Amino acid sequence: MNDMPLVLAVPSKGRLQENATAFFGRAGLSFVQARGSRDYRAQIAGLDGAEVAFLSASEIVAQLASGAAHLGITGEDLVREQVQDADAAVELLTPLGFGHANVVVAVPQAWIDVRCMADLDDVAATMRARTGNKLRVATKYVNLTRRFFASHGLSDYRIVESLGATEGAPAAGTAEIVVDITTTGATLTANALKVLDDGVMLASEANLVASVRAPWGERARKAAAAILGRVAAEEEARSLREVRALLRDLPAGTLESLAAAHGARLPFGASASDGVVTLHCPRKGVFALVEALTAAGADDVTVRALDYVFRRSNPLIEKLLARL
């Protein structure tokens, strides 16, 4: 088991694959498909002990849940829907900034008095009392719906599992309301539906997910350390800017105080023999820091983006190892 390579499951097509490939590419992890773009297996250039499997989003979740894949990229909505007790089976290591979508409860726009889940509970109870029928909910998200409705105390409903365009169910007469995933809400609006004020069940996006059940032998752990080390270094670099300035004759402790006031770090110390100081600053605080440095007498202040920032402590690796 210690000789098994790490399996990284990546979406096999569409925008998710493009974004996933770009995400790993930024971290210096390029996929090499020996038989071309139609090959469903790949290697990572320059990295031993790991292989890439291109799978559908649902297959990735199944592979992670069973332990057949060590790491994978998939939406949190699928993880929460498909994996019973997801928190025991997998660890969501980091959100990736793409694949954003919300799982929502949507009702007909004509229901002008129904604005929240409490109103929907009243509708369901009234329908059951008058007709003997339960409120029908069309959805592909059966488990998420049951958990969310239970958290709001709503029980007078039944689920109609959707195999096609869920948002069309009320117009087709197969359900009164829907639970669906949406990015902009435009499709729901086009079908005369509205999202309840408290009806966002899950704000989902693509995540880098680790399987707790996979065989994490020495080879797989070593490959994971290399992959997560680069991913964390790229994420850290993307959030920072390096600020350099010519700054001499400051009173002791002034530069440290100035850096702390702007959330910046002095990675190479506060003093330099040539008077050049280097700071790492969060992107949003760069211009305020530059103004403060200039006011303190700095000259030739430069700002540049970073490719990678490697630290001895890696939060992604620590998060994974804490679960294994």
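The sections below set out a description of the structure shown in this document. (Residues numbered from 1 in each chain as written. Predicted model: local features only at pLDDT ≥ 70, side-chain atom pairs only at ≥ 80, totals over all residues. Heavy atoms only, no water.)

1. Here we look at the overall build of the protein
The secondary structure content of the protein amounts to 12 helices and 15 strands. By the compact-globule yardstick of 20 Å for 324 residues, the protein is too spread out, its C-alpha radius of gyration being 25 Å. Here the C-alpha coordinates of the protein stretch approximately 85 × 50 × 35 Å along the principal axes. A buried classification covers 44% of the 324 residues belonging to the protein. Counting only contacts in the protein whose residues sit at least 6 apart along the sequence, the fraction spanning at least 24 positions is 73%. (Helix = DSSP H or I, 4+ residues; strand = E, 2+ residues; numbered from the N terminus. Rg over C-alpha atoms; globule rule 2.2 N^0.38 Å. Buried < 20%, exposed > 50% of the residue type's maximum accessible area, 1.4 Å probe, protein only. Contact = heavy atoms within 4.5 Å.)

2. Things to note about the nonpolar core
Grouped together as the largest cluster of nonpolar side chains are 35 residues, with contacts concentrated most on Leu-6, Phe-24 and Ile-227. Secondary-structure elements contributing two or more residues to this core are β1 (6-11), α1 (14-26), β3 (41-44), β4 (47-55), β5 (71-75), β12 (206-211), α9 (218-238) and α12 (315-321). The element contributing the most residues to this core is α9, with 7 residues. Not counting residues within four places of it along the chain, the set of residues in contact with Phe-24 comprises Leu-8, Val-10, Leu-29, Phe-31, Ile-73, Leu-208, Ile-227 and Val-231. Grouped together as the second largest cluster of nonpolar side chains are 23 residues, Val-107, Tyr-141, Leu-154 and Met-201 included. (Core = buried A, V, L, I, M, F, W, Y, C linked by side-chain atoms within 4.5 Å.)

3. Some details on the packing of aromatic side chains
This model, assessed by the stated rule, comprises 5 aromatic pairs. Relative to Tyr-157, the ring of Phe-149 has its centre 4.8 Å away and its plane inclined at 65 degrees; by these criteria the two rings are edge-to-face. Each member of the pair, Phe-149 as well as Tyr-157, is classed as buried. (Phe/Tyr/Trp six-rings, centres within 6.5 Å; stacked < 30°, edge-to-face > 60°.)

4. Description of the sheet that holds strand β15 (residues 299-304)
Each strand in a sheet pairs with its neighbour through backbone hydrogen bonds, running either in the same direction (parallel) or in the opposite one (antiparallel). Taken in spatial order, the 3 strands of this open sheet run β14-β13-β15, and their pairing is antiparallel. With partners counted over all chains shown, the strands left at the sheet margins are β14 (276-282) and β15, one partner each. Averaged over all pairs of adjacent strands, the angle between their axes in this sheet comes to 20 degrees, without regard to strand direction. Summarising the sheet, strand β13 (residues 240-246) and β14 pair through 7 bridges and their orientation is antiparallel. Directly across from Ala-245, in β14, lies its bridge partner Val-277. (Pairing = 2+ DSSP bridges. Axes fitted to C-alpha atoms, helices over the stretch in contact; angles between N-to-C directions.)

5. Remarks on the environment of Ser-56
Topologically, Ser-56 is positioned in the loop between β4 and α2 (57-66). The exposure class of Ser-56 is partly exposed, given its relative accessible area of 29%. Sequence spacing of Ser-56 and Leu-228 is 172 residues, and the spatial spacing of their C-alpha atoms is 22 Å.

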